[in-house]
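One-letter residues, chain by chain:
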Protein chains: 2
Amino acid sequence: MAGPRRRTVRDLRRNNRATVLSKLYFDGPLSRQELGPLTALSSGSISNVVAELVADGLLEEAGSVDSDGGRPRTLLRVAPGSGHLVGVDVGETRVRVELFDLALSELARVDAPLPDGRPGGKYDAQDVVRLIAAGLTRVLREADVEPGSIVGVGIGVPGIVDASGPSGAVVHGQTIGWDAVPLEAMLRAPGELPPELPLFIDNGAKTLGRAEMWFGAGRGARNAVITLIGSGVGACVIADGVPYQGSSSSAGEWGHTVLRVGGRECRCGARGCLEAYVGAEALLERWREAGGSWTSPDEEGALAELLDDPSTGQLLDETAEFLGAGIADLVNLFNPERIVVGGWAGLLLGPRLIDPVRRAAAAYALRHPFAQTTVELGRLGTDAVTVGAATLPLARFLETGGARRERIVSGAS
Amino acid sequence: MAGPRRRTVRDLRRNNRATVLSKLYFDGPLSRQELGPLTALSSGSISNVVAELVADGLLEEAGSVDSDGGRPRTLLRVAPGSGHLVGVDVGETRVRVELFDLALSELARVDAPLPDGRPGGKYDAQDVVRLIAAGLTRVLREADVEPGSIVGVGIGVPGIVDASGPSGAVVHGQTIGWDAVPLEAMLRAPGELPPELPLFIDNGAKTLGRAEMWFGAGRGARNAVITLIGSGVGACVIADGVPYQGSSSSAGEWGHTVLRVGGRECRCGARGCLEAYVGAEALLERWREAGGSWTSPDEEGALAELLDDPSTGQLLDETAEFLGAGIADLVNLFNPERIVVGGWAGLLLGPRLIDPVRRAAAAYALRHPFAQTTVELGRLGTDAVTVGAATLPLARFLETGGARRERIVSGAS
DNA sequence: AACGCTTAGATCACGGTGTGAATTTACCCT
DNA sequence: AGGGTAAATTCACACCGTGATCTAAGCGTT
């Protein structure tokens, strides 16, 4: 409402700290000399800012490079151990908690199965909260990291996360039977987690998309869409370098784009959704309708069987046409530089479908925006959900110029 | 690439000038006293910034208000005459040039028909350039305004405008036969326009969307989609208060969203596009196929006849379903607070279709994001293209804190 | 008419910022 | 050991926003 927070001169400094920190984080070790042009700061400011960051322990020197004749440049990098990140993946059957250093190297991991048996496939949010809290303490003990060094905790959950309300993030997860679960408030309740620990909750598919943007096939793009094809279909839209959220954080529900008015019924209740044609669940259902059968107990194995079956050519071609049309919608509406096909089913189908999908997308999309876009396969498996979740606090850390948690808290309260 | 331009302390001032100017522009006359909390600036800075803006002639006093007992507050407002804006609408048959003051009051207008007769319906870009230049000088003479006070010229054209290239905006207009016309470079050629005049070229539908956001049904929304249904179908997506452009400024091509894979052929070459069902041209074509006929020579009259004909109920219901599904796609993908149905055909069909369209959208969209959205009719006619075009330089003017043109130019060169 | 009261707006010392030239540092080569 | 060279630091300068203090401009009462 009040616009950017840059009002006083001190905010300038914070901004410049953030610029230097981010540049150093993403573009490897750099000398102060190189940093100048790259950040559009004068040499004096670079020295000043860097000295401050080094004093705070956020930056460290990383060797030096001869510079023919003169004083060698000392390289700087973000100190990986100066902070820690926690990524949590709340899946449909288990909760995974992972501890990373700032460089996102894994330091410890805990997997905990969810107690099932709730009626109607639902599961209790309180169980999830407990598992997260227990996993956090365990992971900290395993890696011998003190809680104070944690920059923040990122949590990926299955379902729409609405953070627009007053009491923190609220989760609507149709598949797990959560309806407006105030997960953030529950986690912040006394006794669950260390108090004042910054929490970041987002849709698991979106955290996976973030990981793909930071370290996978989306790297370097400013406008991209990461599509996630699993049992269902989702997407993570990156607009101008930041995830596009919409007014209640539920933008990018690509799976329920209408591709055939009055078509197949989708599990969302509508008809003709993309997900009703290319989601793994729907694809298997369509195979069954066409007389196919499989032996694997899980969808992943079944889908592999579908791919191996020689009689599914037409089904797959049809799927490629729908997927291509869905991608064409993304191209026309978002005009991205890159579209990444990911998710476990997307990666499984990818090698077989990517070329017909590209052809279909070319046929359905407008020429001009399609020419600006590349359609690629994702590079990261679903394991990356925790990594993506951890990028949430990491992004904040970089944006705020590595503000210490204490400072944020005291400033905000 | 190098992030925000706020590096030095002077940029702080520019930023604060912009904040004050924008607040005053949108929220009417305000006193310095009220301005403080509203802009999060201290009283000292307000005094300082306001004094500077008054000295520059951008702000003026506008009466005063008693404040029970004490010194009355003097109200401030943006001086309407301290700058002028030009909005140009390049239509398919004529070029309209309009001159506004800063408050967007019309001061003069020129309409010039395009010389037709080009083979294949194309028309020469050079003609358009000449008409714009001639219109500009004429409009300035009529209103007795000196060229130096023009803040900038906004131009709405039919077609995709790609401003990502090195030589300025390039226009791809399929309907008018323009293929990569370097309109900006042509306008900047010596002798055409006053040199160094800031030009802003954008798709005409998008400028209309901007007008609807600033002064019409979109007012106050941060995330909105203005749909424009005319002969064809387009949309203007507003994300976080700014128009979403995509990587080559062609985002929001909603008309070619696929609603029926393998469906009706669209004039874009693909099949099953939204435009192939609900655009006025397609709608009339479908009526003809169903045995309908009309007498009006133009689409607008014909569409009115279609609406009056009692036998078109089913056709219109079907149209509403497609339009609703298309709107559901917007809801699912963009999660806006508001969707505005505009464009001449949209406004014509609106009263009849809006309710069934809302029902269809509710059926096809996901519950949660749909609950956040209102679907409304637009309030502005197609006349507003010029106003919307003029908001392009106006937005820049406000963003830069009313930087004088000379300063921008000298700073940029 | 004079005085006090109240509130709006201006002024100013202060701490803070980035700039860019001058200076210092650190290493190589002769 | 001394000169050359390039990196990094230092520092005077011009600015900025803050917030307390001061001045301006009305009103109500005496």
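Residues numbered from 1 in each chain as written. Chains lettered and ligands numbered in written order. Predicted model: local features only at pLDDT ≥ 70, side-chain atom pairs only at ≥ 80, totals over all residues. Heavy atoms only, no water.

## Here we look at the nonpolar core
Moving on, step 1. Of all hydrophobic cores here, the largest spans 101 residues; its most connected members are Trp254, Ile327 and Phe334 of chain A together with Trp254, Ile327 and Phe334 of chain B.
Moving on, step 2. For isoleucine 327 of chain A, the contacting residues outside a window of four places in its chain are Trp254, Ile339, Val341, Val357, Ala361 and Val375 of chain A. (Core = buried A, V, L, I, M, F, W, Y, C linked by side-chain atoms within 4.5 Å. Buried < 20%, exposed > 50% of the residue type's maximum accessible area, 1.4 Å probe, protein only. Contact = heavy atoms within 4.5 Å.)

## Quick word on the sheet that holds strand β9 (residues 170-173) of chain A
Residue and element names in this part refer to chain A.
Moving on, step 1. The strand order β8-β9-β10 describes an open sheet built from 3 strands, whose pairing is antiparallel. Both edges of this open sheet fall to β8 (160-162) and β10 (178-181), since each of them pairs with a single strand only. For this sheet, the mean inter-axis angle between neighbouring strands, taken without regard to orientation, is 15°.
Moving on, step 2. Where β9 and β10 come together, 2 bridges link them in antiparallel fashion. (Pairing = 2+ DSSP bridges. Helix = DSSP H or I, 4+ residues; strand = E, 2+ residues; numbered from the N terminus. Axes fitted to C-alpha atoms, helices over the stretch in contact; angles between N-to-C directions.)

## Focus on helix α3 (residues 43-55) of chain B
One turn of an α-helix holds 3.6 residues; hence residues three or four places apart share an orientation.
All names here are of chain B.
Moving on, step 1. In a regular helix each residue adds 1.5 Å, so 13 residues correspond to 18 Å; α3 covers 18 Å between its end C-alpha atoms and thus fits that length.
Moving on, step 2. Turning to α3, its buried residues are Ile46, Val49, Val50 and Leu53. End-on view of α3: buried residues confined to an arc of 100°, all on one side of the axis.
Moving on, step 3. Phi turns positive, to about 85°, at glycine 57, one or two residues after α3. (Expected span 1.5 Å × (residues − 1). Arc of directions from axis to C-beta.)

## Side note on the sheet that holds strand β5 (residues 94-101) of chain A
Backbone hydrogen bonds hold the strands of a sheet together, and the pairing may be parallel or antiparallel.
Residues and elements named next belong to chain A.
Moving on, step 1. Reading across from one edge, β6-β5-β4-β7-β11 is the order of the 5 strands in this open sheet, with mixed pairing throughout. Each edge of the open sheet carries a strand with a single partner, namely β6 (106-113) and β11 (199-203). Taken pair by pair, the neighbouring strands of this sheet meet at an average axis angle of 15°, ignoring direction.
Moving on, step 2. Bridge count for strand β4 (residues 84-90) against β5 is 7 bridges, and the pairing is antiparallel. Its bridge partner lying in β5, valine 90 is registered against valine 95.
Moving on, step 3. On top of the sheet, helix α6 (residues 204-215) reaches β7 (150-157) and β11; it is set at about 100° to β11, its chief contact.

## Here's the deal with the relation of the copies chain B and chain A
Copy one and copy two of the chain differ by a rotation about a common axis and a shift along it.
Moving on, step 1. The two copies are related by a screw operation: chain B maps onto chain A through 180° of rotation and 0.0 Å of translation along the axis, at an RMSD of 0.1 Å. Accordingly, the operation relating the two chain copies is best matched by a two-fold axis.
Moving on, step 2. When the interface residues of chain B are mapped onto chain A, 100% of them are again interface residues, pointing to one common binding face. (Least-squares fit on C-alpha atoms with pLDDT ≥ 70 in both.)

## Comments concerning helix α2 (residues 32-39) of chain A
All names here are of chain A.
Moving on, step 1. Taken residue by residue, α2 has Leu35, Gly36 and Thr39 as its buried positions. Projection of α2 onto a plane perpendicular to its axis shows the buried side chains occupying an angular sector of 110°, all on one side. Across α2 from its buried face, at more than 90 degrees, point the exposed residues Gln33 and Pro37.
Moving on, step 2. In this structure, the buried residues of α2 make contact with α1 (9-26), β1 (30-31), α3 (43-55) and β3 (70-78).
Moving on, step 3. One or two positions beyond α2, positive phi appears at alanine 40, with a value near 60°.

## As for the side chain of serine 31 of chain B
Residues and elements named next belong to chain B.
Moving on, step 1. Here serine 31 lies in strand β1 (residues 30-31).
Moving on, step 2. Residue classification places serine 31 among the buried residues on the basis of a relative accessible area of 1%.
Moving on, step 3. Beyond its immediate chain neighbours, meaning those up to four positions away, serine 31 contacts Arg73, Thr74 and Leu75.

## Quick notes on the packing of aromatic side chains
Residues and elements named next belong to chain A.
Moving on, step 1. Summed over the entire model, instances satisfying the criterion amount to 13 aromatic pairs over all chains.
Moving on, step 2. Between the aromatic rings of phenylalanine 26 and tryptophan 214, the centroid separation amounts to 5.2 Å while the plane-to-plane angle is 65°, which identifies the pairing as edge-to-face. Residue phenylalanine 26 is located in helix α1, and its partner tryptophan 214 is located in helix α6; the two are separated by 188 residues in the primary sequence.
Moving on, step 3. Given the relative accessible area of 33%, phenylalanine 26 is considered partly exposed.
Moving on, step 4. When the ring of tyrosine 277 is compared with that of phenylalanine 322, the centres are 4.0 Å apart and the planes differ by 10°; the resulting orientation is stacked. A residue pair is termed long-range when its members are at least 10 positions apart, and tyrosine 277 in helix α7 (residues 275-278) and phenylalanine 322 in helix α10 (residues 313-334) qualify at 45 residues. The residues tyrosine 277 and phenylalanine 322 share a single accessibility class, namely buried.
Moving on, step 5. Here the aromatic cluster, defined as three or more aromatic residues joined through ring pairs, consists of Tyr25, Phe26, Trp214 and Phe215. (Phe/Tyr/Trp six-rings, centres within 6.5 Å; stacked < 30°, edge-to-face > 60°.)

## What about the confidence of the model for chain A?
Low-pLDDT stretches of the model should not have their predicted coordinates read in fine detail.
Moving on, step 1. Across chain A, the average pLDDT comes to 87, with 94% of residues at 70 or higher.
Moving on, step 2. For the stretch residues 406-413 of chain A, pLDDT sits under 50, and the model shows 4 contacts to residues farther than four places along the chain or on other chains. (pLDDT = per-residue confidence, 0-100.)

## Observations concerning the protein's contact with DNA strand D
Moving on, step 1. DNA strand D sits among 28 residues. The nearest are Ser47 and Gly69 of chain A together with Asn16, Ser45 and Gly69 of chain B.
Moving on, step 2. Sugar plus phosphate: this is where 68% of the atoms of DNA strand D within 4 Å of the protein reside.
Moving on, step 3. One of the side-chain nitrogen or oxygen atoms of asparagine 16 of chain B is found 2.3 Å away from a phosphate oxygen of DNA strand D.
Moving on, step 4. Take serine 45 of chain B: an N or O atom from its side chain is 3.0 Å from a phosphate oxygen of DNA strand D.
Moving on, step 5. Secondary-structure elements contributing two or more residues to the surface near DNA strand D are α2, α3 and β3 of chain A together with α1 (9-26), α3 and β3 (70-78) of chain B.
Moving on, step 6. Considering every element that reaches the surface near DNA strand D, the biggest residue donor is β3 of chain A, with 5 residues.
Moving on, step 7. Residue composition of the surface near DNA strand D, grouped by class: 6 nonpolar, 15 polar and 7 charged. (Near = heavy atom within 4 Å. Polar contact = N/O pair within 3.5 Å; in protein donor to acceptor, adjacent residues only side chain to side chain. Nonpolar A, V, L, I, M, F, W, Y, C, P; charged D, E, K, R; others polar.)

## Some remarks on the pairing of strand β12 (residues 224-229) of chain A
Residues and elements named next belong to chain A.
Moving on, step 1. Counting buried residues in β12 gives 6 out of 6 residues, a clear majority hidden from the surface.
Moving on, step 2. Of the two faces of β12, the one holding Ala224, Ile226 and Leu228 and the one holding Val225, Thr227 and Ile229 are both buried throughout.
Moving on, step 3. Here 6 bridges tie β12 to strand β13 (residues 233-239), and the two strands are oriented antiparallel to one another. Bridging from a neighbouring strand, leucine 228 pairs with glycine 234 of β13.

## Here's the deal with the pattern of salt bridges
A pair can form between side chains of opposite charge whenever their charged atoms are brought close.
Moving on, step 1. In total, this model carries 52 salt bridges over all chains according to the counting rule given.
Moving on, step 2. The residue glutamate 60 of chain B makes a salt bridge to arginine 77 of chain B at a minimum N-O spacing of 2.8 Å. Taken together, the residues glutamate 60 of chain B in strand β2 (residues 59-67) and arginine 77 of chain B in strand β3 connect sequence positions 17 residues apart.
Moving on, step 3. Glutamate 60 of chain B sits in the partly exposed class, given a relative accessible area of 27%.
Moving on, step 4. Its relative accessible area of 34% is what places arginine 77 of chain B among the partly exposed residues.
Moving on, step 5. A salt bridge links arginine 267 of chain B to glutamate 275 of chain B; its shortest N-O distance comes to 2.7 Å.
Moving on, step 6. Judged by relative accessible area, which is 6%, glutamate 275 of chain B ranks as buried.
Moving on, step 7. Residues joined in a network through salt bridges with shared partners are Asp89, Arg94, Arg96, Asp111 and Asp383 of chain A. (Salt bridge = Lys/Arg side-chain N within 4 Å of Asp/Glu carboxyl O.)

## Quick look at the protein's contact with DNA strand C
Moving on, step 1. Neighbouring residues of DNA strand C: 27 residues in total, closest Arg13, Asn16, Ser42 and Ser45 of chain A together with Ser47 of chain B.
Moving on, step 2. Contact between DNA strand C and arginine 13 of chain A: a phosphate oxygen at 2.8 Å from a side-chain N or O atom of the residue.
Moving on, step 3. Elements that contribute at least two residues to the surface near DNA strand C include exactly α1, α3 and β3 of chain A together with α2 (32-39), α3 and β3 of chain B.

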